[in-house]
Each structure stands twice: as C-alpha cells, then as structure tokens.
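# Architecture at a glance
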Amino acid sequence: MLFISRILTYALATMLSLGLLGAVAAAGLYLYLEPQLPPVDTLRDIRFQQPLRVYSADGELIAEFGEYRREPLRYDEIPEKMKQAFIAAEDERFFTHPGVDYQGLARAVLHLVRYREIGPGGSTITMQVARNFFLSREQTYLRKLNEILLAFKIERELSKEQILELYLNKIYLGQRAYGVGAAARIYYGRPPEELTLAETATIAGLPKSPSTVNPISNPERSLQRRAYVLRRMFEVGHVTVEQMADASTQPATAVLAQRARPGLDAPFVAEMARAQVFERFGEAAYTDGYRVYTTINSTLQRQATGALRSNLLAYDERHGYRGAEARHDLDAKPDEADWNRFLSAVPRAAMLRPALVIEVDQETDQARVYLGGGEYGELALEDVDWARRWISQSVIGDPVEKVDDVLRRGDLVRLRTVDGRLRLAQIPQIEGSLVSLAPGSGAVVALAGGFDFSLSQFNRAVQAMRQPGSAFKPFIYSAALERGFTPASVINDAPVVFEDDALETVWRPENYTGRFYGPTRLREALTHSRNLVSIRVLRDVGTRYAVNYLTRFGFPSERMPADLSLALGSAAITPLELTAGYAVFANGGYRVDPYVISRIEDDRGETVFRSVPALACEDCHDMAVETGLVSEAEPLTDGSDSELVAYYRPAERTLSAENAYLVTSMMQDVIRAGTGRAARSLGRDDLAGKTGTTNDLHDSWFAGFNSHLVTTAWIGFDQARSLGPGETGSRAALPMWINFMRAALHGVPDNSLSRPAGLITARIDPDSGLLTSADNPRAIFEVFDEDAVPARERDNGASSPEFGGGRDGATGSEQPLF
C-alpha cells in the first residue's frame, strides 16, 4: 500500500511539474508572441475592398470597375437563416466559446498526433476572422498559435455580432465573390433576404472549399455539401425535418452572373467618370468602394442612346446593304448545337442580334432565320426591302424585288426589332454622338459617344475634334452684334474670291445651293445659312477680334484659325465644346463649365468630393434649390469667413443679355423658317438652333436649345469622308436631335428667354433694313439694342451700305475682296 501511495505521489508531482512547466512555457510563448500580434482594434474600422460603382443622378447603376465583388452588409441586414446556416456548418458553439472551441481543438490535436500533420478542424469563426484579416493560410504551428491568440484578443475587443458580421462580409465564396451579399448576387442574382433555404445552404457550404464544392464548376459536389449544411441545421434545431427534406430535394439553380448588371446603358459616361476618379484616387479607386453619382438623367440617357442608334441605322439604310457579315456551311453542320456555338462567338452590337439564314423560300418570298437558343424567325420582303446593294457612299443598286435578292442560305446577318417585327440590319460604319446639358449649370444630363462602346471605346462626344461648319455661325454673328451690326444689317450675298499667296491658289467659297441672293439682312442670312454673307461679316468684324471674342464661349483661341474660313466653321472642336458654347446663348449670356460627376461617396456613404458648378443666374440660391444642389435649409456658405459658396458659384457673364437674346431670336427663325424647320414638328415656340454641314459633307450637325436644355447631334465617319449627296445637317443630324428633344421636353412648358430691358422693337423696311413708317405695306418688325437702332430710310428709299458696318467703322480685313 505504501508503495502504491508513493507511486501516486510521484505521478501527481510529475503531472504538477509538467503542468507547471507547460503553463510556464505557454506563458513565455504568449509573452513572446503577444507583442508581435497585430492590433485587433483595427477591425472596428475595417474597410472592405469593393469595386468602384458609377450611378446616374437618380441612382441607377451604370457600371462597376474592380476585381473584388463585394456587397458589405450590416449585421441586421443579414438574414437569420443565413447566419444559422454558417454557424451550423462552421462553428456550432460560436455564441458560447471564448474564441477557441476546445472540443474542436482537441480533435485537431488528435489528428496531429495520429497523422503527424496539421489537419482540418479546430478553427472557429473567430479564428477564421483572425486568419482572413491578419494572417496567411500557410499550415504551420506558429501560424496556428498566432491564430488562437488573436482569436482570444478579438473576442475581448468585439462582440459576437461584430465578429460574425466581419466574417460573413469577408469570407471568400468562389467566383471572385467575397461575402454573402456578393455571393447571393453572383450565384442567384438576388439579395440574401430573397434566397430560398436551399440556396442559403448552398452558399453556407462554400467556405470549406470554394472551388471544389462550387455550384457552378462542380454542381454535384455542391449538392452534397448543401445536404450536409441542411443536416447540421436540423441537428442544432434551426430547421424542421420537413424543411430539411424539402430543401434537400430542390434542384440546383445557381447561374453565374458576370457582374452587377447595369440598370442604365451609358458606358461612355462610365468611362469618363472612371478616368476622373482614377486621376483623383489612383489604384484605390478600384478597391475602396467609391460610389460616383453623375449628373446623368437615366430617362434622358436612354432617349439619347436610342435616338443616336436609330438615326445611324436610318442613315445606313439610305446608303445600301454591304452584304452578309460571314457565311456558315449549314450542309456540313446542320444541327442547332453547332449553330449556337457559331452565333455565341459573334460579337454583340447594341440591339442588333446575330442570326443565321437557314432557308430562303422563293415560293413564299420569305427567309427563315435562326437567332440562337432554339429561337427562329421569319423575314418577308418588307423586312429587307431597304437593302439595295451598296456600291459607294453616293451610289446604291437596284430596288429589292425579292427576298433572295438580298439573302442566301448560310448568311450571318444582323436583325433588330421594329414595331414587333424582325428587320434586317447591319452594323453601321457611320458614327455619331449626342450630348445634352442643362444650360443653367453645365450639368451633362445625357451623353452618347458612339453606336456601341463594345465596338469602339472612342468617345466622339468629348474626343472627336471635328469642324462644326455652319453650326459655328451664331458665334460669328454674336461678335458682329458686339461690333455694331444689327439683325437688320444688310450684307451683299455675292461671289467672293480670296487669294492665298502661300498656296498659290484662290478660294472661291459658295453657298450650299450654289446661288447668290444679293443684299441680305443678317437675320435672313443666319436663317438660311448663307456662307458668303458670313464671310463678309467676319471680314468686317476682323478675324483677330473674332478669335479673341470666341473665348467667351469657351473655345480655345489656339484652335481657332485666324482666317476667313472661320466664318464657315473650319475650327476643330468637340461636340461637348459646341454644346457648352450654345449654352451661353441658352442661359442669357453666362459661361458655364460642363461637368459629369456630381459627387463621390466613400464606402461609408460620406461625400469625399462634390462638384461646385458655376450657375448662370441672378439669384443663384433659388436655382441651386431648383436643380437639387442644395435644399432650402442648407447654408449658402462654407461657414468660414470667406464668401465662398459651398455647393455652387456664380457663373461669369461673358455676353450681354441683349446679345444673347438677339442671336437666340435669329436662331429661332432657323427653326421657324430656315434650315432647321423640321424641328417645328415638336410643336414648340421656344426652340432655337442651327444646322451645320462641312465642306464635302464630311460632318453633319444640329445644335439647338431652349432655356431648359441645350443639345447637339453630330454624325460623320471616324476617318473623315463624304456622307453622300444630300446628307446635310438638316437631313442627317436634325432627326436625331428631334427624336431626343421630343422625349426630353415632353411635359415641359414653353419657356423662352426673357427679353432684356435694353431692347426695343421697331418697324423696318425688309430690303434696306432701315426704320420705316407704319404706312409702308412691306414693313416688318425687328428687335434692336437701344444703342444700335438703324437710321430712318429716306423718302427715296435709299438702302444701307453693302456691309452693315460696325459702330467704330473698323473692318479688320486682312485679305483683298473682289
């Protein structure tokens, strides 16, 4: 008995000694490792890597940029079933253990003793948080010890709810999805709260091995893992046996979504915003979760895109069919599976769907087409009758009389839907742009930079430097008014010849019609776009003066040619620059700066950047409230001693209100009776604008406005060449502008510029432009600046000089005029 007592005593002493040594060793290890552990309090302020997202002004998603697909959720936003599924599958005792589950850790130790390797098991959710945020995934003893110690520290610093929120937002769940919010969107296209129990269990099964049990790449293994999660949820009491059985029999429904699907098709705007944010924040732009709110109105943007595309397709149909994009041997490969593979490899282009011509029936005069996915359609003669053969931009073939004049079996074609019918189409070679902005602030409300961003990323609205042609004349006429001309000034529309010693040639400009109209009032000249009058006006104003004057509209002087071709729009400018120039007329004389980003928010929703637009206004606060820049209650200043306005600034007046009104009045006549009269179809009295057509018909424009919107439409080839006979601004560009403005101004009351007090109305003789009496049966009314009223005609009917003449008498001519 004494012997046994001694043995027990020695054993107990040995155990105590070993325990003490173990405790000392553990304490020493802790004291050694603890100072090297990262501070866990940073988890309170963690910022998840999130993509850059670009939105319209009314909150529709336009695009997202960045590799990390994550949608962080607050704890109370995560459905209870989602939390229960993860806890049941990953850490049953999460809410009771102190960060380390000793039972699970014991199983891991037994595995280590038995197999001499670190195995699975033992990692709690808290330990996974420690590893995911602070440690690598290498399987070493030191990493495991650090993980355990960090788990204890995390549990001391954070609540269980905070830990679980971090875990469910950080965990990698395959397919570049981080967190349950992104996973729900990527696999099922819905937020977590809309998932079924089966779908929730599928996501909860992914942390074990996001690739091998992935519902996309390995659906069978995913179903097995889902069954395990459902069984664990039943065993811990989160679901009933009936719920488990029902969810276990549900089919796999995961389908990979490429990205958060944009609600608004505005890729050219998205790229503009992305470039500006990257310039401001660098690479962090793609990971720090910035949300960019643009000035784009989603409704107007859709109208702009539609108007541009339909206009380009209409132009393309006028100039003939260039033939099938490709041919496919249907006899060698006659099955749908092969056709699907063929069509899936064809690049998409806007709303044009690729299709294979399967059969052309001469008896019924119809073609049968295959659009993919088991979908077939029919094309009749009326669906292809536009497709006369393209020979050149100026010549097309004979009229189409039968469907087989156009289509052959095996043709790869493009189709679009018009009024519920399939219609033959083709990807246009012609390009264009449409840009619209609010003249009071410069906010770009719609911008389409080309037919399809996926085909060409070149943004023609802001990058294409093109000659505006006659659309530039209003700026020259504005300079003329400033130099003493009036809308009634009479200028001779007669042939002119200019010598150019440098080129050893002469320049003989003509009107578009090739005719000469004799003495013409300035208003008439702009209404009918008389080139020769414009040249004479610029000659009298002086090109040097005009170039300097044009900077009032934002045009860079270095890009303005200092010769008389400037009168015909030979300067190279972008559609956005032209639109901003017209905004000066539309808002009554203020220069505003176009902008597309309204504000940028960080991942917490705090504003880190806000545009401060220049407002064209007398009472800027009222306009700021009206445009949504501020609310009635917001302060007008930034709170400092300065007078700087926090959210806006007054725009600089660069043009007198009288000048802006008079030029606008003349441009209203362009629509009432001139080259833009097709716009009368809108049934409005407040529209003004100007067509533009360049030499050899390389570019066609229409720029027009009211006090609510200013919009420019342009059409041309990227590599400049003729658009073809008759493709002037009124035919090629104006229909695009009309289609857009019809929708954009729907329900907006007529609102013309207010007439400034410094203007008067007087009767003039239409031939002489001089004041006349009420007895003159041909008298018309004209508006004048009160300081520039013309003389009264003499009884003998003498008319004004050939050139209207500036008040200072200066001509500024630099070249001989014959």
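Our subject in this report is the structure included herewith.

### Things to note about empty space enclosed by the protein
Evaluation of the coordinates by the stated rule reveals 4 cavities of 30 Å³ or more. Roughly 80 Å³ of internal volume is contained in the largest cavity. As for the largest cavity, its lining consists of 14 residues, and the residues nearest its centre are Pro267, Phe268, Thr305, Arg309 and Gly450. Put simply, the parts of the chain that give the lining of the largest cavity at least two residues each are α11 (267-281), α12 (298-318) and β13 (444-448). The element best represented in the lining of the largest cavity is α12, accounting for 3 residues.

### Things to note about the layout of surface pockets
Approximately 1,400 Å³ is the volume found for the largest pocket. Forming the boundary of the largest pocket are 48 residues, of which Ala438, Gly440, Met623, Glu626 and Thr627 lie nearest the centre. Breaking the lining of the largest pocket down by element, the ones donating at least two residues are β5 (291-294), β19 (597-601), α20 (620-626) and α21 (657-673). The dominant element in the lining of the largest pocket, judged by the number of residues it contributes, is α20, at 3 residues.

### A few points about the sheet that holds strand β12 (residues 431-437)
Backbone hydrogen bonds are what pair the strands of a sheet, in a parallel or an antiparallel way. Strand order across the open sheet formed by 5 strands is β13-β12-β26-β25-β24, with antiparallel pairing between neighbours. Both outer strands of the open sheet, β13 and β24 (688-693), are each paired with one neighbouring strand and no more. Averaged over all neighbouring strand pairs, the angle between strand axes comes to 5 degrees, with direction disregarded. When β24 meets strand β25 (residues 699-705), the two strands line up antiparallel, connected through 6 bridges. Residue pairing across strands places Gly692 opposite Trp701, the latter belonging to β25. Packed on one face of the sheet, helix α22 (residues 729-744) meets β12, β13, β24, β25 and β26 (710-716) and runs near 35 degrees to β25.

### Looking at the pattern of salt bridges
Enumeration over the complete set of coordinates arrives at 44 salt bridges. With its nearest N and O atoms 3.6 Å apart, the salt bridge here joins Asp76 to Arg74. Using a relative accessible area of 60% as the deciding quantity, one classes Asp76 as exposed. Its salt-bridge partner being Glu235, residue Arg232 comes within 2.7 Å of it at the nearest N-O pair. With Arg232 and Glu235 both in helix α9 (residues 219-235) and 3 residues apart, the pair spans about one turn of that helix.

### As for the sheet that holds strand β2 (residues 61-65)
What the 5 strands build is an open sheet, ordered β2-β1-β5-β19-β20; its pairing is mixed. Only two strands of the sheet have a single partner each, and these edge strands are β2 and β20 (607-610). The mean angle between the axes of side-by-side strands here comes to 15 degrees, regardless of whether they run parallel or antiparallel. Pairing geometry for strand β1 (residues 52-55) and β2, over 4 bridges, is antiparallel. Across the sheet, residue Val54 finds its bridge partner in β2, namely Ala63. Strand contacts of α11: β1, β2, β5, β19 and β20, with the helix running at about 55 degrees to β19, the strand carrying the most contacts.

### Looking at the packing of helix α7 (residues 180-188) against helix α8 (residues 197-204)
Two measures define how a pair of helices packs: the angle their axes make with one another and the distance between the axes. Orientation of α7 relative to α8, taken along the N-to-C sense of each, is 120 degrees, at an axis distance of 11 Å. Considering their axes alone, α7 and α8 lie oblique with respect to each other. Note that α7 runs across α8; the crossing there is right-handed. Between α7, through Val180, Ala183, Ala184 and Tyr188, and α8, the contact on the second element is made entirely by Glu199, Thr202 and Ile203. Tallied by class, residues from the contact of α7 with α8 come to 5 nonpolar, 1 polar and 1 charged.

Here is what the cut-offs are and how they apply
Residues numbered from 1 in each chain as written. Predicted model: local features only at pLDDT ≥ 70, side-chain atom pairs only at ≥ 80, totals over all residues. Heavy atoms only, no water. 1 Å grid on protein atoms, 1.4 Å probe; cavity = no way out; pocket = protein on both sides within 12 Å on 5 of 7 lines; lining within 4 Å. Points joined across faces, edges and corners; volume = space filled by probe spheres on them. Helix = DSSP H or I, 4+ residues; strand = E, 2+ residues; numbered from the N terminus. Pairing = 2+ DSSP bridges. Axes fitted to C-alpha atoms, helices over the stretch in contact; angles between N-to-C directions. Contact = heavy atoms within 4.5 Å. Salt bridge = Lys/Arg side-chain N within 4 Å of Asp/Glu carboxyl O. Buried < 20%, exposed > 50% of the residue type's maximum accessible area, 1.4 Å probe, protein only. Parallel < 35°, antiparallel > 145°, perpendicular 65-115°, else oblique. Left-handed = near helix turned anticlockwise from the far one by under 90°. Nonpolar A, V, L, I, M, F, W, Y, C, P; charged D, E, K, R; others polar.

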